[in-house]
Amino acid sequence: PVFIGENYWDKITTEWGSADTGTYVRAAELKHGRSAMIATVGYAFHKLGLTLNNISPHEYLSITQNIKFADLAAMTPLDALKSLPAESWGQMFAAIALVEIYELTHKNGKVAYDETVAPGLQSGGLTGDLGWNPLGVKVTDRRRLVELQNGRAAMFAISAWVAADTIPGSVPIPLPW
């Protein structure tokens, strides 16, 4: 059986590019899937009321901006994101940029000083593997496939939740909250 998208994947790796192009696109899919899984868990936690105002010893997210955790918990997740100050967005951007810069400049867990082109920009350079495996989990082909499939499901889930909160009636199935 031919799965949806399988014939397009072959075009990306054979007609329009190479095996390295396929590695790059797969790494991008893996990275977006991981981001979507984190976003889905965070969104679900917020919707279920498992927010920082219940577990943080601090009352305020920002004293200078007068933003309380309880105020953010009372909003929808999207409204809470919109109400964050610019400094919060800067911190999130900086954290993401550090991970991206690490992946671009490191090869096999070490800084690549002798490279003329950053390892992440070389053919097949981005793989999505940052070399961080503190539990020592054995990564098999099945595990990789499961992570990709869960990432794909999370991308659909977070898209549906954002659409349901933003555009009333856009998701035909009623959500439990």
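These figures come from a predicted structure and were not determined experimentally.

**Some remarks on the overall build of the chain**
- Helix and strand content of the chain: seven helices and four strands.
- Element order for the chain, N to C, with α for helix and β for strand: α-α-α-β-β-α-α-α-β-β-α.
- Counting the 177 residues in the chain, one finds 19% classified as buried.
- Excluding contacts between residues fewer than 6 apart, the proportion of contacts in the chain whose partners are at least 24 apart in sequence is 50%.
- For the chain, the accessible surface area stands at approximately 13,000 Å², while carbon and sulfur atoms represent 64% of it.

**Quick look at helix α7 (residues 141-166)**
- Over its 26 residues, α7 runs 37 Å from end to end, which matches the ideal 38 Å to within 8%, given 1.5 Å per residue.
- The set of residues buried in α7 consists of L148, G151, A154, I158 and W161.
- Where α7 is buried, its residues meet α2 (19-47).

**Regarding a nonpolar patch on the surface**
- Side chains of V41, F45, L48 and L50 sit close together on the surface and give an oily, nonpolar patch of about 400 Å² of accessible area.
- Structurally, the position occupied by V41 is in helix α2.
- On the basis of relative accessible area, V41 is assigned to the partly exposed category, the value being 46%.

**Focus on the side chain of T51**
- Considering the arrangement of structural elements, one finds T51 in the loop between α2 and α3 (52-55).
- Among the polar contacts made by the side chain of T51, one reaches the side chain of N53 at a distance of 2.3 Å.
- Not counting residues within four places of it along the chain, the set of residues in contact with T51 comprises H46 and A73.

**Considering the pattern of salt bridges**
- On inspection of all chains with the given rule, the structure shows nine salt bridges.
- With its nearest N and O atoms 3.2 Å apart, the salt bridge here joins R144 to D141. Taken as a pair, R144 and D141 lie in helix α7 at a separation of three residues, close to a single helical turn.
- Several salt bridges converge on common partners, so that one network encompasses R26, E29 and R152.

**Points about the nonpolar core**
- Core analysis: the biggest nonpolar cluster contains seven residues, these being A36, Y43, A44, L78, A154, I158 and W161.
- Breaking this core down by element, the ones donating at least two residues are α2 and α7.

**Re unusual backbone geometry**
- One non-glycine residue, N66, adopts positive backbone phi at about 60 degrees.
- Take N66: it is sitting in the loop between β1 (60-62) and β2 (67-68).

**Considering the packing of α2 against α7**
- In contact at an axis separation of 7 Å, α2 and α7 are set at 50 degrees when each is read in the N-to-C sense. With respect to their mutual orientation, α2 and α7 come out oblique. As for how α2 packs across α7, the hand of that crossing is left-handed.
- For the contact of α2 with α7, the residue count by class is 13 nonpolar, five polar and seven charged.

Reading guide: rules and limits
- Residues numbered from 1 in each chain as written.
- Predicted model: local features only at pLDDT ≥ 70, side-chain atom pairs only at ≥ 80, totals over all residues.
- Heavy atoms only, no water.
- Helix = DSSP H or I, 4+ residues; strand = E, 2+ residues; numbered from the N terminus.
- Buried < 20%, exposed > 50% of the residue type's maximum accessible area, 1.4 Å probe, protein only.
- Contact = heavy atoms within 4.5 Å.
- Areas by Shrake-Rupley, 256 points an atom, 1.4 Å probe, with all protein chains shown as cover.
- Expected span 1.5 Å × (residues − 1).
- Patch = residues over 30% accessible without salt bridge, like charges linked within 9 Å, V, L, I, M, F, W, Y side chains within 5 Å.
- Salt bridge = Lys/Arg side-chain N within 4 Å of Asp/Glu carboxyl O.
- Polar contact = N/O pair within 3.5 Å; in protein donor to acceptor, adjacent residues only side chain to side chain.
- Core = buried A, V, L, I, M, F, W, Y, C linked by side-chain atoms within 4.5 Å.
- Axes fitted to C-alpha atoms, helices over the stretch in contact; angles between N-to-C directions.
- Parallel < 35°, antiparallel > 145°, perpendicular 65-115°, else oblique.
- Left-handed = near helix turned anticlockwise from the far one by under 90°.
- Nonpolar A, V, L, I, M, F, W, Y, C, P; charged D, E, K, R; others polar.

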